[in-house]
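# Descriptive analysis of the structure
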Amino acid sequence: MVKPFIPQLVYVEPKALEYPLGEKLIHKFRKMDIEIRETTSHNQIRNLPGENHFQKYRIAKSTLVVGIRKTLTFDTSKPSAEYAIPLATGCMGHCHYCYLQTTMGSKPYIRTYVNVDEIFASAERYMEERAPEITRFEASCTSDIVGIDHLTHHLKKAIEFFGESEHGKLRFVTKFAHVDHLLDAKHNGKTRFRFSINDEYIIKFFEPGTSRLHERIDAAVKVAEAGFPLGFIVAPIYLHEGWKEGYKEMFEKLDGVLPSFARNDLTFEMIQHRFTKPAKRVIQENYPMTKLELDESKRKWKWGKYGIGKYVYHDQEQEDIKDTLGNYIHHYFPEAKIEYFT
């Protein structure tokens with residue numbers, strides 16, 4: 001079982017200590033005997049230890065920076081939410097395919113922001129602008145927030161903030177099973193708790209540092225029993241030898257334990273594996289021994305919405321994925337809603 005994340009090294013912006021949450025976190029890390037260093041900005045960590053890229057990258061992924069989120073502009077690029085809410089940046093997982101490797105570039109360390117009340121105030125303004133329509137906020141665009149929340153409890157605060165809101169809803173996705181502290185949060189049904197799931201082959205070879213499939217499924221059952229609306233993201237859907245059997249086994253395992261009351265308001269999102277040329281370079285630098293198939297000649301080129309082209313599966317393969325996994329979902333979870341396949 002993957003243990004809950006504990007940073008090896010902590011950096012703090014001095015101004016973060018002016019916030020009660022910042023002071024509380026640093027006090028907690030001192031008691032845990034973790035080395036704490038000062039930094040002028042959470043975006044400027046220059047002296048990370050390590051003798052080469054490989055070492056520096058791995059140390060960065062176990063480094064936590066406590067800072068202040070200065071710009072509270074909210075990203076609107078998510079298909080399933082109106083806005084992204086920035087509670088953290090970065091992730092301790094080592095998923096070989098992850099797009100955060102390219103978006104974060106030379107800053108793969110994990111950042112948590114202590115000015116959560118200011119972030120919530122911004123979210124309140126966005127909700128007021130769109131009222132009486134419901135505004136949905138995504139909390140996992142730039143991080144796996146559950147992976148650090150046992151330390152910070154910022155996500156728990158967000159769940160309770162949206163639980164009390166009139167026109168807001170929260171959603172996030174995780175590959176981590178460390179959910180126990182969230183189960184008593186007063187969510188009022190306004191937070192959709194989603195788990196990223198995949199077949200055993202993909203989790204084993206491409207998702208080191210994350211919870212195993214059975215751990216995620218067990219955590220999903222706990223979340224359902226706590227009354228949260230539940231969802232699953234099957235991503236990235238990756239074609240490998242025996243993929244149809246692998247995904248069938250995944251759905252069978254989920255079907256075997258998910259209680260009936262959790263199935264009426266259940267959502268699935270499906271995302272095929274894709275990569276860009278810059279992502280391929282970064283992946284091969286960070287994980288030189290990866291088994292991830294990144295051969296452009298086996299893929300179809302597709303223009304992205306933001307002007308960056310990506311390599312996806314060919315049309316016939318995409319249809320096969322959509323039909324196969326769609327049929328599994330309809331068979332095992334007939335009441336569930338498939339939100340999209342992309």
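Computed from a predicted model, the values in this text were never measured in an experiment.

### Topic: the overall build of the protein
The helix and strand tally for the protein stands at 11 helices and 14 strands. What you see for the protein is a C-alpha radius of gyration of 20 Å, in line with the 20 Å of a compact globule of 342 residues. With respect to the principal axes defined by its C-alpha atoms, the protein has extents near 55 × 50 × 40 Å. By residue count, 56% of the 342 residues in the protein fall in the buried class.

### Description of the pairing of strand β10 (residues 230-237)
Of all eight residues in β10, eight are buried; the element is thus mostly enclosed. The pairing of strand β9 (residues 191-197) with β10 spans five bridges and is parallel. Of the residues in β10, the one forming a bridge with R194 is G231. Pairing between β10 and strand β11 (residues 266-272): six bridges, direction parallel.

### A short note on unusual backbone geometry
With an omega of 10°, the peptide bond running from A131 to P132 counts as cis. Note that P132 resides in the loop between α4 (116-130) and β7 (135-138). Across the junction of A235 and P236, the peptide omega takes the value -10°, indicating a cis bond. Its location among the elements puts P236 in strand β10.

### A word on the pattern of salt bridges
The full count for this structure, using the stated rule, is 20 salt bridges. A salt bridge links D265 to R192, with the shortest nitrogen-to-oxygen separation between them at 2.8 Å. Taken as a pair, D265 in the loop between α9 (243-257) and β11 and R192 in strand β9 lie far apart in primary sequence, 73 residues in all.

### So, the packing of aromatic side chains
Taken as a whole, this structure holds 21 aromatic pairs when the rule is applied. A ring pair is formed by F275 and Y311, whose centres lie 5.2 Å apart and whose planes are at 25°; its orientation type is stacked. Residue F275 is located in the loop between β11 and α10 (277-286), and its partner Y311 is located in strand β13 (residues 309-312); the two are separated by 36 residues in the primary sequence. Exposure remark for Y311: the relative accessible area of 10% places this residue in the buried category. Lying across the ring of Y313, R299 places its NZ or CZ 4.0 Å from the centre.

### Thoughts on helix α11 (residues 315-332)
Given a rise of 1.5 Å per residue, 18 residues ought to cover 26 Å, and the 26 Å separating the end C-alpha atoms of α11 matches this to within 8%. Along α11, the residues classified as buried are Q318, I321, T324, L325, G326, Y328, I329 and Y332. Looking at the buried side of α11, the elements it contacts are β10, α9, β11, β13 and β14 (337-341).

### Description of the nonpolar core
I85, F137, L170, F195, F232, F251 and F268 are the most contacted members of the largest nonpolar core, which totals 94 residues. Setting aside residues no more than four positions away along its own chain, F251 makes contact with V234, F268, L325, Y328, I329, Y332 and F333. By size, the runner-up hydrophobic cluster in this structure holds seven residues, among which are L9, Y11, I45 and A60.

### Observations regarding the sheet that holds strand β8 (residues 168-174)
Taking strand neighbours across the sheet as the criterion, the seven strands line up as β4-β7-β8-β9-β10-β11-β14 in an open arrangement whose pairing is parallel. Sheet topology places β4 (83-84) and β14 at the edges, where each strand pairs with a single neighbour. In the packing of helix α6 (residues 154-164) onto the sheet, contacts are made with β7, β8 and β9, and the angle to β8 comes to roughly 150°.

### Some remarks on the packing of helix α8 (residues 213-225) against α9
Packed helices, taken two at a time, are described by the angle between their axes plus the distance between the axes. Across the interface, α8 lies against α9 with an axial gap of 10 Å and an inter-helix angle of 35°. You can see that α8 and α9 cross each other, and the crossing is right-handed. When α8 is examined against α9, the residues L213, I217 and V221 are found in contact with a partner set consisting of M250, K253, L254 and V257. Residues belonging to the contact of α8 with α9 are distributed by class as follows: six nonpolar, no polar and one charged.

Rules used in this analysis
Residues numbered from 1 in each chain as written. Predicted model: local features only at pLDDT ≥ 70, side-chain atom pairs only at ≥ 80, totals over all residues. Heavy atoms only, no water. Helix = DSSP H or I, 4+ residues; strand = E, 2+ residues; numbered from the N terminus. Rg over C-alpha atoms; globule rule 2.2 N^0.38 Å. Buried < 20%, exposed > 50% of the residue type's maximum accessible area, 1.4 Å probe, protein only. Pairing = 2+ DSSP bridges. Salt bridge = Lys/Arg side-chain N within 4 Å of Asp/Glu carboxyl O. Phe/Tyr/Trp six-rings, centres within 6.5 Å; stacked < 30°, edge-to-face > 60°. Lys NZ or Arg CZ within 6 Å of the ring centre and 35° of its normal. Expected span 1.5 Å × (residues − 1). Contact = heavy atoms within 4.5 Å. Core = buried A, V, L, I, M, F, W, Y, C linked by side-chain atoms within 4.5 Å. Axes fitted to C-alpha atoms, helices over the stretch in contact; angles between N-to-C directions. Left-handed = near helix turned anticlockwise from the far one by under 90°. Nonpolar A, V, L, I, M, F, W, Y, C, P; charged D, E, K, R; others polar.

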